[in-house]
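Structural description and commentary
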Amino acid sequence: MNRAIAIIPNEMLLNASPVIKDVRDDEYHGMKIEDFSNFYNLGITSESLGIEKGFYGGMVWQEALTSLGHAVVCFGFPMVVYLPKRFSSGQKKWFLDYKTFFNKHKKILSIVQVDEFSNVLVKYGPEVEIDKFKILYSLIEKEPILESSDLKR
């Protein structure tokens, strides 16, 4: 599987379509998140994250974008899905449209769910011997859809 990143925006927070970009061998997934943040003026920077400029390791960039309500999928080995605490209807539809794909790649799947404060709520890495595909879709299907009235709170 090629390295790539998918960013599935919460359409109620950001008027943007899902983005899928290749990640070259000399790049990091976090670089693409920085580009996305810069393009949409989301304010995710190395300074806002409290990290050294040019550092893209770990999961800090992915968790920061997810804490804003956007879902992220980092394709590679493992394939890591970063989920917000609650989903928009567009995000839910995107994951349902790709259900067959995730089922096909469930052996390399990892899941991280993050709340709006960047707290990790759920984390299942490649070392965990459970059906992460079932967990992924149970999280997506059980969570209530974020409604526009929720944004006013």
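Please refer to the structure higher up on the page.
Structural notes, computed from the coordinates. (Residues numbered from 1 in each chain as written. Predicted model: local features only at pLDDT ≥ 70, side-chain atom pairs only at ≥ 80, totals over all residues. Heavy atoms only, no water.)

As a further point, take the overall build of the protein chain. Scanning the protein chain from N- to C-terminus turns up six helices and six strands. In the protein chain, the succession of helices and strands from N to C terminus is β-β-α-α-α-β-β-α-α-β-β-α. Radius of gyration (C-alpha) of the protein chain: 15 Å, near the 15 Å computed for a compact globule of 153 residues. Within the protein chain, contacts between residues separated by at least 24 positions form 63% of all contacts whose residues are at least 6 apart in sequence. As displayed, the protein chain offers around 8400 Å² of accessible surface, 51% of which is attributable to carbon and sulfur atoms. The centroid of the 19 positive side-chain charges in the protein chain is displaced by 6 Å from the centroid of its 20 negative side-chain charges. (Helix = DSSP H or I, 4+ residues; strand = E, 2+ residues; numbered from the N terminus. Rg over C-alpha atoms; globule rule 2.2 N^0.38 Å. Contact = heavy atoms within 4.5 Å. Areas by Shrake-Rupley, 256 points an atom, 1.4 Å probe, with all protein chains shown as cover. Lys, Arg positive; Asp, Glu negative; His and termini not counted. Charge placed at Lys NZ, Arg CZ, Asp CG, Glu CD.)

Here we come to the pairing of strand E4 (residues 79-84). Here is the key point about a regular strand: its side chains alternate between the two faces of the sheet. Within E4, six of the six residues are buried, which leaves it mostly tucked inside the rest of the structure. Sheet topology places strand E3 (residues 71-75) next to E4; three bridges connect them, and they run antiparallel. Opposite Val 72, over in E4, you have Tyr 82 as the bridge partner. Connecting the antiparallel pair E3 and E4 is a turn made up of three residues, with Gly 76 showing a positive phi of about 155 degrees. (Buried < 20%, exposed > 50% of the residue type's maximum accessible area, 1.4 Å probe, protein only. Pairing = 2+ DSSP bridges.)

Under the counting rule described, the total for this entry stands at 12 aromatic pairs. Residues Trp 94 and Phe 95 carry aromatic rings whose centres are separated by 5.0 Å and whose planes lie at 85 degrees to one another, so their mutual orientation is edge-to-face. Each member of the pair Trp 94 and Phe 95 is classed as buried. Counting every residue linked through ring pairs, the aromatic cluster contains Phe 75, Trp 94, Phe 95, Tyr 98, Phe 101, Phe 102, Phe 133 and Tyr 137. (Phe/Tyr/Trp six-rings, centres within 6.5 Å; stacked < 30°, edge-to-face > 60°.)

Before going further, it helps to spend a moment on the nonpolar core. Counting 23 residues, the largest nonpolar core has Val 73, Val 81, Leu 83, Phe 95, Phe 102 and Leu 136 as its most contacted members. Elements that contribute at least two residues to this core include exactly strand E1 (4-8), E3, E4, helix H4 (89-97), strand E5 (109-114) and helix H6 (132-142). For this core, the leading source of residues is H6, giving six residues. Residues contacting Val 81, with those up to four places away along its chain left out, are Val 72, Val 73, Phe 95, Phe 102, Leu 109, Ser 110, Ile 111, Val 112 and Leu 136. Membership of the second largest hydrophobic core comes to 18 residues, among which are Ile 33, Cys 74, Val 80 and Val 114. (Core = buried A, V, L, I, M, F, W, Y, C linked by side-chain atoms within 4.5 Å.)

A few words on the side chain of Glu 63. Secondary-structure assignment places Glu 63 in helix H3 (residues 60-67). Of the side chains with opposite charge, Lys 123 lies nearest to the buried Glu 63, which makes no salt bridge, at 5.8 Å. Excluding anything up to four places from it in sequence, Glu 63 contacts Tyr 82, Val 112, Val 114, Ser 118 and Val 120. (Salt bridge = Lys/Arg side-chain N within 4 Å of Asp/Glu carboxyl O.)

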